[in-house]
Amino acid sequence: MSGYATPPLRPFQITFDAATAVVDPAGPVLTRRMADLEGLFRDQRAWQELRGSEKVVYSVHSSPVPETPRELPQSITTISPGELSGELFMTKGHQHPDPQGEIYLGLTGTGGLLLFDGAEHAWLDMSPGTIGYIPPGWAHRSVNVSADEPYRFLAVYPGSAGHDYQWVLDHGMGARAVRLGDAFELVPYGG
Ligand SMILES: O=P(O)(O)OC[C@H]1O[C@](O)(CO)[C@@H](O)[C@@H]1O
Ligand SMILES: [Fe+2]
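Residues numbered from 1 in each chain as written. Chains lettered and ligands numbered in written order. Predicted model: local features only at pLDDT ≥ 70, side-chain atom pairs only at ≥ 80, totals over all residues. Heavy atoms only, no water.

The protein chain is annotated in an unreviewed UniProt entry as glucose-6-phosphate isomerase of Auraticoccus monumenti. What the UniProt record of the protein chain gives under Sequence similarities (unreviewed entry) is the line "Belongs to the archaeal-type GPI family." The Pathway (unreviewed entry) field of the UniProt record for the protein chain holds the comment "Carbohydrate degradation; glycolysis; D-glyceraldehyde 3-phosphate and glycerone phosphate from D-glucose: step 2/4." (UniProt positions renumbered as here; feature names shortened; annotations may be inferred.)

What am I meant to see in the coordination of the iron ion (ligand 2) here?
When a metal holds four donors in a tetrahedron, each ideal angle between them is 109.5 degrees; when it holds six in an octahedron, the ideal angles are 90 or 180 degrees. Protein coordination at the iron ion (ligand 2) comes from His 94 (NE2), His 96 (NE2), Glu 102 (OE) and His 140 (NE2), with a distance range of 2.0 to 2.2 Å. Along the chain, the residues donating to the iron ion (ligand 2) fall in the pattern H-x1-H-x5-E-x37-H. Separated by 38 residues along the polypeptide, Glu 102 in strand β8 (residues 102-108) and His 140 in strand β12 (residues 139-144) bring together distant segments of the chain. (Donors = N, O, S within 2.8 Å, 3.2 Å for Na, K, Ca; no water. Helix = DSSP H or I, 4+ residues; strand = E, 2+ residues; numbered from the N terminus.)

Is there a simple way to think about the pattern of salt bridges in this case?
Side chains that differ in charge, positive against negative, can pair when their charged atoms come close. With the rule as written, the count across this model stands at three salt bridges. In this structure, Arg 33 and Glu 54 form a salt bridge, with 3.5 Å as the shortest nitrogen-oxygen distance. Taken together, the positions of Arg 33 in strand β3 (residues 29-33) and Glu 54 in the loop between α1 (44-50) and β4 (56-62) put the pair 21 residues apart, joining distant regions of the chain. Overall, Glu 54 belongs to the exposed group, its relative accessible area being 60%. (Salt bridge = Lys/Arg side-chain N within 4 Å of Asp/Glu carboxyl O. Buried < 20%, exposed > 50% of the residue type's maximum accessible area, 1.4 Å probe, protein only.)

Is there a simple way to explain the UniProt feature "domain: Glucose-6-phosphate isomerase prokaryote" (unreviewed entry) in the protein chain in this structure?
The feature "domain: Glucose-6-phosphate isomerase prokaryote" (unreviewed entry), as given by UniProt, occupies residues 32-178 in the numbering adopted here. Across residues 32-178 one finds 9% helix and 39% strand; the C-alpha atoms that close the span lie 20 Å apart.

Sorry, what's going on with the nonpolar core here?
Soluble, globular proteins show a tendency: their nonpolar side chains are buried together. Met 34, Phe 41, Tyr 104, Val 143 and Met 173 are the most contacted members of the largest nonpolar core, which totals 36 residues. For this core, the secondary structure elements donating two or more residues are α1, β4, β9 (111-116), β10 (121-126), β12, β13 (151-156), α2 (166-171) and β14 (175-180). By residue number, the principal contributor to this core is β9, which donates four residues. Counting five residues, the second-largest nonpolar core is a separate cluster that includes Ala 21, Val 23, Ile 76 and Leu 154. (Core = buried A, V, L, I, M, F, W, Y, C linked by side-chain atoms within 4.5 Å.)

Hey, could you run me through the site of ligand 1 in this one?
Around ligand 1 sit 16 residues, and of these Tyr 58, Thr 77, Glu 102, His 163 and Tyr 165 come closest. A distance of 2.6 Å separates an oxygen atom of ligand 1 from a polar side-chain atom of Tyr 165. Secondary structure elements with two or more residues in the shell around ligand 1: β4, β5 (74-79), β8 and β13. The residue makeup of the shell around ligand 1, split by class, is seven nonpolar, seven polar and two charged. (Near = heavy atom within 4 Å. Polar contact = N/O pair within 3.5 Å; in protein donor to acceptor, adjacent residues only side chain to side chain. Nonpolar A, V, L, I, M, F, W, Y, C, P; charged D, E, K, R; others polar.)

The following block contains the structure:
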């Protein structure tokens, strides 16, 4: 096995519990609260009022596979049910600085995958058993569309893809998911 800047890992098994998001062996765990989602919700005044809230909007449990070239890290993200002035709880969303594909697998609850290539947006409904494919060059954000259940998914992505969060602040995501009665609708990003 030559030609690798960093030697790849040895084979190993990772177990996960879809009901709790616990990954074994465990890697980093990340927790995102309102304060971590600055500049992303449409109603910035409502966001300011809640920015000190302890409520967890989403958490990310990663396996120990590192974000290094040629490896394929994985993580399980859990988005709480909730909304801010009607806009459904969501991940920050990001673009891959090195344009590479990624897959998401729905585990529990119901959600959506919002994709934006800078011109056009797309929406994929996600539920247990759905694989959402993110092609290279499409920024991606996940949304919990359920009013009362967490939405949980597994992500598998190239270790060299990277995360560009500024891209979403600069370009938006093309649309926003907002509550509409018992359902939701997609509205224009600026609307
Ligand atoms: O990185 P964001 O936009 O906060 O979204 C979280 C999810 O997306 C990932 O970055 C993978 O695309 C994972 O860390 C996690 O599954
Ligand atoms: Fe990604």
